Amino acid sequence: KQWYQRRVRSIEHSLSCSRGGYINLRHNQLRDLTANLLVEAGCGDVVIEPHLLPLTGEEFKYRSAITTEEARLDVSARDLWYPMAKLFLDFRVFNSRAPTNQSLPITK
């Protein structure tokens, strides 16, 4: 049997397991829903996963920052707050009830 067939299926496991694909599915649903809402709100130039400009020597505090040429945001749009203002969104989906996250502040 596959690892996912042997594993006890539970809601908690589904919310936390990165191997089963549920985190990616939830992330993509949130990304697509937000993009659709921005279009309905009248925003222009709504783009899902736009490429970022190449880095020019910038350094980042966290090693998790993606610095390759393939770096992308989740959604970008124009005209949400005022004309021609550009909005950039990047989502992080996690299970706040997972044992490894319970002691962390939600702002992290």
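Everything discussed here concerns the structure shown above.
Residues numbered from 1 in each chain as written. Predicted model: local features only at pLDDT ≥ 70, side-chain atom pairs only at ≥ 80, totals over all residues. Heavy atoms only, no water.

(A) The environment of T68, seen in detail. Relative to the assigned elements, T68 resides in the loop between β1 (44-48) and β2 (75-78). For the pair T68 and L55, spaced 13 residues apart in sequence, the C-alpha separation works out to 8.4 Å. (Helix = DSSP H or I, 4+ residues; strand = E, 2+ residues; numbered from the N terminus.)

(B) Structural detail: a nonpolar patch on the surface. A contiguous nonpolar patch, built from L80, W81 and Y82 and spanning about 390 Å² of accessible area, is present on the exposed surface. By the element assignment, W81 lies in the loop between β2 and β3 (86-89). Since its relative accessible area comes to 61%, W81 is described here as exposed. (Patch = residues over 30% accessible without salt bridge, like charges linked within 9 Å, V, L, I, M, F, W, Y side chains within 5 Å. Areas by Shrake-Rupley, 256 points an atom, 1.4 Å probe, with all protein chains shown as cover. Salt bridge = Lys/Arg side-chain N within 4 Å of Asp/Glu carboxyl O. Buried < 20%, exposed > 50% of the residue type's maximum accessible area, 1.4 Å probe, protein only.)

(C) Quick look at the pairing of β2. Inspection of the sheet shows β1 paired to β2 by three bridges, in the antiparallel sense. Each bridged residue has a counterpart across the sheet, and for G44 the counterpart in β2 is R78. Pairing between β2 and β3: four bridges, direction antiparallel. Considered in β3, the bridge of S76 is made with F88. (Pairing = 2+ DSSP bridges.)

(D) Here's a closer look at helix α3 (residues 22-40). In this model, α3 (19 residues) spans 27 Å end to end at C-alpha, consistent with the 27 Å of a helix rising 1.5 Å per residue. All buried positions along α3 are accounted for by I23, H27, R31, T34, A35 and L38. Angularly, the buried residues of α3 cover 100 degrees about the axis, an arc narrow enough to put them on a single face. For α3, the exposed residues set more than 90 degrees away from the buried face come down to L25, Q29 and E40. (Expected span 1.5 Å × (residues − 1). Arc of directions from axis to C-beta.)

(E) Just unusual backbone geometry, in detail. The phi angle at D45 is positive, at roughly 55 degrees, despite the residue not being glycine. Positive phi values are uncommon outside glycine, yet D79 reaches one of about 70 degrees. Given a relative accessible area of 34%, D79 falls into the partly exposed group.

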